[in-house]
Structure formats: C-alpha cells, structure tokens
There are 2 protein chains.
Amino acid sequence: MKDRVRAIAPATVANIGPGFDVLGLALDGPYDQVEAERTEDGLVTLVDITGDDGALPRSAQDNCVGAAAQAVLTTFGGPGAGVRLWLHKGLPPGSGLGSSAASSVAAAVATAAVICPEVAAPGLLDATREGERLATGSPHPDNVAPSLLGGLVACVVREQGRVEALSLPVAEGLVIVTASPEMQIPTEESRAVMPDRYGLEDVVANMSRVAGLVSGFASGDLDRIGSCLQDRLATPYRKELIPGFESVMQAAMEAGAVGGGISGAGPTLFAVTDARRKGAAVGAAMVEAFAAVGLPSVARVSPIDARGARLVGPDWTPGD
Amino acid sequence: MKDRVRAIAPATVANIGPGFDVLGLALDGPYDQVEAERTEDGLVTLVDITGDDGALPRSAQDNCVGAAAQAVLTTFGGPGAGVRLWLHKGLPPGSGLGSSAASSVAAAVATAAVICPEVAAPGLLDATREGERLATGSPHPDNVAPSLLGGLVACVVREQGRVEALSLPVAEGLVIVTASPEMQIPTEESRAVMPDRYGLEDVVANMSRVAGLVSGFASGDLDRIGSCLQDRLATPYRKELIPGFESVMQAAMEAGAVGGGISGAGPTLFAVTDARRKGAAVGAAMVEAFAAVGLPSVARVSPIDARGARLVGPDWTPGD
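Residues numbered from 1 in each chain as written. Chains lettered and ligands numbered in written order. Predicted model: local features only at pLDDT ≥ 70, side-chain atom pairs only at ≥ 80, totals over all residues.

A.B. asks: An account of the domain arrangement of chain A is needed here, citing residue identities and associated values.
C.D. replies: Residues and elements named next belong to chain A. Assigned domains of chain A: these are domain 1 (4–168) and domain 2 (175–303). For domain 1 and domain 2, the distance between their C-alpha centroids amounts to 24 Å. Taken together, the contacts link 22 residues of domain 1 with 30 residues of domain 2. Counting residues per element, the side of domain 1 that touches domain 2 draws most heavily on strand E2 (residues 23–39), at 4 residues. The residue inventory of the side of domain 1 that touches domain 2, partitioned by class, reads 11 nonpolar, 10 polar and 1 charged. (Domains from an automatic or database assignment. Contact = placed C-beta atoms within 7 Å. Helix = DSSP H or I, 4+ residues; strand = E, 2+ residues; numbered from the N terminus. Nonpolar A, V, L, I, M, F, W, Y, C, P; charged D, E, K, R; others polar.)

Written out as structure tokens, the structure is:
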C-alpha cells in the first residue's frame, strides 16, 4: 500500500440518445485528477484545487471529492485512517461532461488506494455516488458509473429504487465528438422543462431505440447507432435551452457524424462517428455552427475510454 | 421455382419482460405450416385449414394467410399469378404465442417461394404485417418479425411511425418454457387495462431493463436476463387478467427459471432457463400452479429458434 497516489477519472456522456438516466459512456478525453496521501488523523482534508476558475467549494465538507473520500473511509477505513487530497480539474464544471462525477470517482479511487487497496472498482460505486449526491443533489450513477468502470454502462433500476451499474460491450473504433458552448444550464431548469408523464407511444419508441443502440454499440454498426440515437423523452424539451441545437446537430451530420444529442443535461452536445480524422471535421463543424448563433465553444474528439478511473504515475499527462 | 411448397413459421413470445411492443423471440416449439401451389388465375384461394377447432375464418379474404399471400402477390407477382393455400395449425389461436403471426408468416414465405423466390425473408416483412393487421387489427410486427427472421428481434420505431425489425444476437443454450392455460383474453381487454400515460420513473426503469436484457441475451448471462425481465408498463395491469399469475411465476422460479412474464398479451406465461431438463421441471411446476387455481394448461419447453420461417420437405414434422 502506497502512502501517496494519483488517480484519474474520465469525462462521461450520460443520457445517451434515448437512454435518459440509463446509458452513459466514458471518454478518453479530459480527465480529473486527485492525489491522495494517507494520514492517521481520521480526517478528510482538501489541501488544494487547481485547474478550475476558483468557483468550486474549497472545503472537504462542501466538495464532492471530500464526500466521496469520506464515504470510502467510513465504509472501508480502520480507526484513525484519514486522507489529504489534491484535486486537479481537467473537466469544465457544469458543462454536461460529468465534471463532478469525475472528481468524485478520482477521489474515491485515490482514497481507496491508500486506505483499502483490496477493494476493486465496482466496490467503490456507492462512495462515488455520495460525491455526486453532494454536488448535484442526486446520487444517480449515470455519470459516476461509466467514469469509474469505463466503457458503456447501463444504470439498471431494481426494485426498491436500487440502481445497479451494468457494463455493456462496445466495439472498438467508435469516436465521440463533444462541443461545449460557453454557457450554463441550471440543473433545476433542465429538469423543469421535462413533462411529468409520457404517452405509451413515446415510451415504446425510446425503449426500442435503447434496444437498438445497445446492440449497435456492441457490434460497432454505425448506421444502427445513428438511427437509434433519437430521443423523445428529454431532447425535444431540453434542446430549447441550447441555442443552435438543431443547426449544430445538422452540421455534425453533414460533416460525417451518424447521430448525436445532448450530453448529460447539456449544454455540451455530442456526436458519434468512427475515425479520428472524421471526428476533427465534425468537431470543427459543430464549433462553427455554435459560433453562428453567437456561442463560443470547445470541441473534443475522444475514443471511448474502456478502462475507466485508474491510478497513474506522478508524471501522467492527458493523452498517455 | 417449385410449383408447390411447404413453409413453417415458429411460435413467438412478444412483449418480452420490459420490452412491451419492442422485443420478441422465436420458439423452436410449435409451428404453423402453409402449403402453397402456384396458379395462373390471379387469385388467392384458401383450400383447407386443418389442426384447428374449426373457429378460424375459412375464406382467404377473412383469414390472415390470405391477406399475407395477397400482399406478396400484389407486391411481387406478375399478371395472372395466383396461389392455392393449405393451412395446418400447430399453434393454439388466441393464447399469446403469436398464432396469427405464424400463419401469416408461413403463408408469405410459401407464397413467395412459388411466386418470387428471389425475395429474401426481410423483404416479406411488410406482407406478413398485412396478415397481422387483418387478424389483430394492428400491423405491429413484434410477433411476425421474430417468426419470419428467427431469434430475438427488436421492433424499432422510426420517425413517421415507421417500424424496423432489427435482429439482435442471442447466446446459445437458452430455453424458454411456456405455459398456456385454457382461457382467452380479448385483445381489447388486455389493451384497456393499461394506463394511457406513465411517469418518468417507470419509463426509466423499463428502458434500463431493456438495455440489460439485450446485453444479457447476447452474452447468455442468465442472472442478468432474469433480473432484467421485470416490467412496469403492462405486466402490473395485465397480470390481473390471468388467474394464478403470481403463483405460476413463483413456481417457475422455484423450479429453476431465472425470470419470466406474460407472453404477448397472454394468457400464456413464459419463463427463461438454460437446460432442457430444468425446462421440463419448470413447465411441470407452472402447470401444477395453474391447476391449483383451477386452470388446465399446456407447458412447452423450447430452445430459441434461430432460423425463423423456412421451407421444409413434405414429410416435415415438428422436432425436425
């Protein structure tokens, strides 16, 4: 057991297409990093945050990394076990790329490595959800689960509201392009625009596309993926909160994407394609379309991260 | 091109678990058979029906086999092309095993073989839906598609209400047990008991289980299949129409099934297990539980039919 470690956790796209609150995947793109050092003072201390604009809460009690680390200590730590944490943000907060989830996951993985290295990743899911609960008000695991486990994950609802994260197979070679415009959507607003109830026709349409999408990701059938990304539950309402949604998605398609949608609760939009070179063109087209409605944006071209959160050496940089 | 052929089409389980109107699969169990003979009179003639109790419509205009054959002729037949048809029922009508779908599919496949043998199975889907439309009032393909194509099929809703049948991978070795009690549920009644609208929580639960179920069928992970078969859209309401539902399902689980539900609109119940021997025990337990509420029933133990409808020789018998 090392005394000081560094963990990274990937950005994630949740609410993939028709899979509202169900399907999420990890991006081999930006990562959050957390360093953890074991102490014997029984405390969780957040020493420093770098890489953000200063807006994130600085105390361990108020930051999701503290909540995730505390949950690891409470569940797995012996008497007196504590950690000091350093968070380095690689993800833009509030953009729909699972920023708080990546911080929570990196914190749980780093803390576990110095406290309970025998606990494997799936055993840390509940701890990461405590971070998400603090940051977003909901412990729903559709971002933390893919960030922790990598790849494509389905959050399956069991009885009594329990949610289990199932890893689903993903073919190699798929590329996810994200375009993050410079704006924020308050979480309450993105929930408030959605209807309370849905007609059976919309429900069946979404269920059928989830079935097709899961099979398309497994086989790498791009046409099947593209045709199954359309959503009737959230996108028709939430797209009104994102200026340029239609034109950005259309630009992505014309540049070679097979489909896409809103990443998480937005405002980031994502598109699916199959080659890094095509991805760059898709990203440029999306940025140009956002610019046409007056929104600066940042595009990222990412393969799917199949590994999920992990420990890295002190010299790790994104792209390794 | 032969002048006279015989086609078989398998029974199907539609509405699998959470996949209402979405997921269906074909059973290597009872089959309907249709013989077709080419004529030059431009007509569809239903010569005879055997194997039923005499209740099915005897004229080609009123029977789904006539409608399916007519659709094949209209779409693919040259001037004067006609068929004479003989239907042999192997499936019990009105039991929830896709009886009319199997008849429609066998008729379309047999008719195509003497009229347009160059048309492959997927090209006949629309014709089979015309049979289903006549028999049930709806052309929804969740029974005809798996009967035609075999295996597990998702009926994916496209825009403008178009529905596409996607074949999904299924691991070998899965066994489906069905228990068909001696009763009928009028289609109108089974639709009428379902709510018009659903809350997001139920929708998300079902979508998430569809994702898990598709992945479970592909990998053959029985635990995943079993845990993802629970349904919140139709089963909670339709089970009230089937005496003994709870006790039959519980008996199936205690005898070794991992899960199950209502086949189609019922009253047949199905259960999933993984070995023929276990299947026999599951079937016996289900029959016993139905008997305990006063309902005689017939159990069938079937692997999944991966081939779908096909031409067979004149001496074919079920089990070949």
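A.B. asks: Explain helix H10 (residues 276–292) of chain B to me, using residue names and the numbers behind them.
C.D. replies: All names here are of chain B. Taking 1.5 Å of rise per residue, the 17 residues of H10 would be expected to cover 24 Å, and the 24 Å separating its terminal C-alpha atoms lies within 8% of that figure. Listing the buried residues of H10 in full gives Gly279, Val282, Gly283, Ala285, Met286, Val287, Ala289 and Phe290. Looking at the buried residues of H10, the elements they touch are strand E7 (175–181), helix H9 (245–254), strand E10 (269–273) and strand E11 (297–303). A positive backbone phi angle near 85 degrees is found at Gly294, which sits one or two residues after H10. (Expected span 1.5 Å × (residues − 1). Buried ≥ 20, exposed ≤ 12 C-beta atoms within 10 Å, placed from the backbone.)

A.B. asks: If you had to explain the pairing of strand E5 (residues 152–157) of chain B to someone new, which residues and values would you point to?
C.D. replies: Residue and element names in this part refer to chain B. Counting buried positions along E5 gives 6 out of 6 residues, so the element sits mostly inside the fold. Burial along E5 is two-sided: Leu152, Ala154 and Val156 facing one way and Val153, Cys155 and Val157 facing the other are all buried. In this structure, strand E2 (residues 23–39) lies alongside E5, joined through 3 bridges in antiparallel fashion. Bridge pairing in E5 places Leu25 opposite Leu152. Where E5 folds back on strand E6 (residues 163–168), the antiparallel hairpin that results is connected by 5 residues, among which Gln160 adopts a positive phi of roughly 55 degrees. (Pairing = 2+ DSSP bridges.)

A.B. asks: Help me get a handle on the packing of helix H9 (residues 245–254) of chain A against helix H10 (residues 276–292) of chain A, residues and values and all.
C.D. replies: A pair of packed helices can be characterised by two numbers: the angle between their axes and the separation between those axes. Residue and element names in this part refer to chain A. Contact geometry for H9 and H10: axes closest at 8 Å, N-to-C directions at 155 degrees. Classified by the angle between their axes, H9 and H10 sit roughly antiparallel to one another. Note on packing geometry: the crossing formed by H9 with H10 is right-handed. For the pair H9 and H10, contact is made by Ser247, Val248, Ala251, Ala252 and Glu254 and by Val282, Ala285, Met286, Glu288, Ala289, Phe290 and Ala292, respectively. A breakdown of the residues in the contact of H9 with H10 according to their chemical character gives 9 nonpolar, 1 polar and 2 charged. (Axes fitted to C-alpha atoms, helices over the stretch in contact; angles between N-to-C directions. Parallel < 35°, antiparallel > 145°, perpendicular 65-115°, else oblique. Left-handed = near helix turned anticlockwise from the far one by under 90°.)

A.B. asks: A description of the sheet that holds E10 of chain B should follow, citing residues and the corresponding values.
C.D. replies: Residue and element names in this part refer to chain B. Sheet architecture is open: 4 strands sit in the order E9-E10-E7-E11, paired in antiparallel fashion. Looking at which strands have only one partner, the edges of the open sheet turn out to be strand E9 (259–262) and E11. The mean angle between the axes of side-by-side strands here comes to 20 degrees, regardless of whether they run parallel or antiparallel. With 5 bridges joining them, E7 and E10 adopt antiparallel strand pairing. By the bridge assignment, Ile176 is partnered in E10 with Val272. On top of the sheet, H10 reaches E7, E10 and E11; it is set at about 20 degrees to E7, its chief contact.

A.B. asks: Requested: an account of the relation of the copies chain A and chain B, with residues and values cited.
C.D. replies: With an RMSD of 0.0 Å, the operation that places chain A on chain B is a rotation of 180 degrees combined with a shift of 0.0 Å along the axis. Expressed as a symmetry operation, the mapping of one chain copy onto the other fits a two-fold axis. Looking at the interface residues of chain A, 100% of them are also at the interface in chain B, so both copies use one shared face. (Least-squares fit on C-alpha atoms with pLDDT ≥ 70 in both.)

A.B. asks: Describe unusual backbone geometry, naming the residues involved and giving the relevant values.
C.D. replies: Where the residue is not glycine, phi is negative for most of them; where a peptide bond is considered, it is trans in most cases. Residues and elements named next belong to chain A. Residue Gly266 is joined to Pro267 through a cis peptide bond whose omega torsion reads 5 degrees. Structurally, Pro267 can be placed in the loop between strand E9 (259–262) and strand E10 (269–273). One non-glycine residue with positive phi stands out, namely Asn15, at about 55 degrees. Among the secondary structure elements, Asn15 is positioned in the loop between strand E1 (4–13) and E2.

A.B. asks: Describe the nonpolar core, naming the residues involved and giving the relevant values.
C.D. replies: Counting 216 residues, the largest nonpolar core has Val177 and Met286 of chain A together with Val177 and Met286 of chain B as the members making the most contacts within it. Setting aside anything within four residues of it in sequence, one finds Met286 of chain B in contact with Val177, Ala179, Val248, Ala251, Ala252, Leu269, Ala271 and Ala299 of chain B. (Core = buried A, V, L, I, M, F, W, Y, C linked by C-beta atoms within 7 Å.)

A.B. asks: Pulling in residues and values, what's your account of the interface of chain A and chain B?
C.D. replies: Each side of the interface is counted separately: chain A has 32 residues, and chain B has 32 residues. Of all the secondary-structure elements, those providing two or more residues to the side of chain A that touches chain B are strand E5 (152–157), strand E6 (163–168), strand E8 (197–199) and helix H6 (200–219) of chain A. Looking at which element gives the most residues to the side of chain A that touches chain B, the answer is H6 of chain A, with 14 residues. The residue makeup of the side of chain A that touches chain B, split by class, is 21 nonpolar, 6 polar and 5 charged. Across 3 bridges, the pairing between E8 of chain A and strand E8 (residues 197–199) of chain B is antiparallel. For Arg197 of chain A, the partnering residue across the bridge sits in E8 of chain B and is Gly199 of chain B.

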